[in-house]
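# Structural overview for review
The lines below spell out each chain.
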Amino acid sequence: MGSTMLPYSRLHGVLLLGVAVLGLGWIVLTRAPADQPQGGPPPAPREGFRAPDFTLQTLDGRSVTLSALRGKVVLLNFWATWCSPCKAEMPALQRVYADEESRGLVVLAVTVERDAAAIDAFARQYGLTFTILRDPQAKVSVAYRVQGTPTTFFIDRRGIIRSVVVGGPMSEGLIRSKVEPLLQETP
Amino acid sequence: MLPAVHLGPLMLQLPGLALLAGLWLALEASSRQAARVRLSGETVTNLVFWALLGGVVAARLGYALRFPGAFLKAPLSLLALNPQTLDVGGGVLGGLLVAWAYGQRKGLPLRPTLDALAPGLVVFALFVGIAHVLSGDAYGAPTRLPWGISLWGAKRHPTQFYEVGLTAGALGVLWRQARAPRGDGTLFLWAVGLLAAVRLFVEAFRGDSVTVLGGVRVVQVLAWLVLLGTVWLYPFWRRKPPPSSPRPHA
């Protein structure tokens, strides 16, 4: 009685077996290569790749090089004084920075604006204590393929970009949820 | 790759727009298919709407549960318009639960409803591929093949284009199947099986696969199991049910 109820034909059996064998063979045949390129992933502005290195100057003329910050968690934020979402997310960025600086968080806020006085006034207005960098020739913005502000890169202690947030404003919860796992990783 | 365009001060993120367009066209396709399987297009559209709503809420709660410390310090972030704070697994589970509850409430028959959703599923998958083309996500492994594209610091397999081309092919196959249904639920099995086959194939060329056990790609294994499941189930669902009275949502 049971056999008459089965809806299978020989063709279905062959098809099922074929899919099983061919699929498994394809999976085994196309395994990902185990070898990683020497020196880790190449530099590129996206998740899983090494953050492109740069050196920029702060408002008071001090040079900051990204690769010198290995061992720290770096939040790299591209912003502008005229950008409304940037303004909206600045207080959250400042709060997270104030809370987590001692655990190794560095915030680098990069702007292409040339008017140093306007940038300084903005920083004072929002009470920003993290590092603000000037990129007047937009070289770093181009290297990071920034299409608009705000754009934020979360970089781990090894210099690998772990997530990218395009647009904003970022909520404080979002910033903390991206930063916390990176801070927990050992240097 | 073209992740964004500027309209004055506005930055439009094209991958997001592609997903929205895909959702709209998917709903349209499913609404039309609903009529073919004697269901109300409006009811099927509402089913998707409520599932999406439930999915988004569940995805946000799921994300907050993964990072409770972050959201306890800033609880208003639960309401923020940040798509980055959504948990996919939680969203899928929540969406399915809401869809199930809605279907129960409206008395929707399972297999015909799945058939109605099938074209929309593949249409949306096609636009996910287009979103990948625009964003550069789901990128390929490095290659020396002449059709490789320069992306993220290397010449790579254009996996985004493989994905779009094959999914478009899957849509064509499904289109033919939709004209000659072979039993309730079989169109859905075709859709899921085809998408699983596309994923099984394309994943082999991806440069961002999650791997286990010496390089085995997790997504390929999952796609293989799903494909096997659809092939196994097909004969059971292919048998046409006995003639019945008109459906309540005809």
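I will try to describe carefully the structure that is included in this document. Owing to the predicted nature of the structure, the values given are computational and were not obtained by experimental measurement.

Rules and cut-offs
- Residues numbered from 1 in each chain as written.
- Chains lettered and ligands numbered in written order.
- Predicted model: local features only at pLDDT ≥ 70, side-chain atom pairs only at ≥ 80, totals over all residues.
- Heavy atoms only, no water.
- Helix = DSSP H or I, 4+ residues; strand = E, 2+ residues; numbered from the N terminus.
- Rg over C-alpha atoms; globule rule 2.2 N^0.38 Å.
- Contact = heavy atoms within 4.5 Å.
- Lys, Arg positive; Asp, Glu negative; His and termini not counted.
- Charge placed at Lys NZ, Arg CZ, Asp CG, Glu CD.
- 1 Å grid on protein atoms, 1.4 Å probe; cavity = no way out; pocket = protein on both sides within 12 Å on 5 of 7 lines; lining within 4 Å.
- Points joined across faces, edges and corners; volume = space filled by probe spheres on them.
- Nonpolar A, V, L, I, M, F, W, Y, C, P; charged D, E, K, R; others polar.
- Buried area = accessible area lost by both parts, 1.4 Å probe.
- Salt bridge = Lys/Arg side-chain N within 4 Å of Asp/Glu carboxyl O.
- Polar contact = N/O pair within 3.5 Å; in protein donor to acceptor, adjacent residues only side chain to side chain.
- Phe/Tyr/Trp six-rings, centres within 6.5 Å; stacked < 30°, edge-to-face > 60°.

### Comments concerning the overall build of chain B
If you tally the helices and strands in chain B, you get eight helices and six strands. For chain B, the N- to C-terminal ordering of α and β elements is β-β-α-α-α-α-α-β-β-α-α-β-β-α. Over its C-alpha atoms chain B spans a radius of gyration of 20 Å, differing by no more than 12% from the 18 Å that the globule rule assigns to 250 residues. Here the C-alpha coordinates of chain B stretch approximately 60 × 50 × 45 Å along the principal axes. Considering only intrachain contacts with a sequence separation of at least 6, the fraction spanning at least 24 residues in chain B is 67%. Put simply, chain B has 22 plus and 9 minus side-chain charges, and the middle of one group is 5 Å from the middle of the other.

### Quick notes on the layout of surface pockets
Estimates place the volume of the second largest pocket at around 490 Å³. Forming the boundary of the second largest pocket are 22 residues, of which A:L15, A:V19, B:W190, B:L227 and B:V231 lie nearest the centre. Secondary structure elements with two or more residues in the lining of the second largest pocket: α2 (10-29) of chain A together with α7 (186-202) and α8 (218-238) of chain B. Ranked by residues supplied to the lining of the second largest pocket, first place goes to α2(A) with seven residues. Looking at the lining of the second largest pocket, its residues break down into 14 nonpolar, six polar and two charged.

### Re the interface of chain B and chain A
Facing 42 residues of chain B, the contacting portion of chain A comprises 38 residues. Carbon and sulfur atoms supply 66% of the area that chain B and chain A bury against each other, a total of about 3500 Å² over both sides. Three residues stand out in chain B for area buried against chain A, namely B:Q84, B:W152 and B:W224, and they jointly supply 18% of the buried area on that side. Between chain B and chain A we count one salt bridge in total. In this structure, the connection of chain B to chain A is made through 13 residue pairs in polar contact (both at pLDDT 80 or more).

### Quick notes on the packing of aromatic side chains
All names here are of chain B. Applying the stated criterion to the full structure yields 17 aromatic pairs over all chains. Ring centres of W232 and F236 lie 5.2 Å apart, and the angle between their planes is 50°; on these two criteria the pair is classed as tilted. With a gap of four residues between them, W232 and F236 both fall in helix α8, about one helical turn apart.

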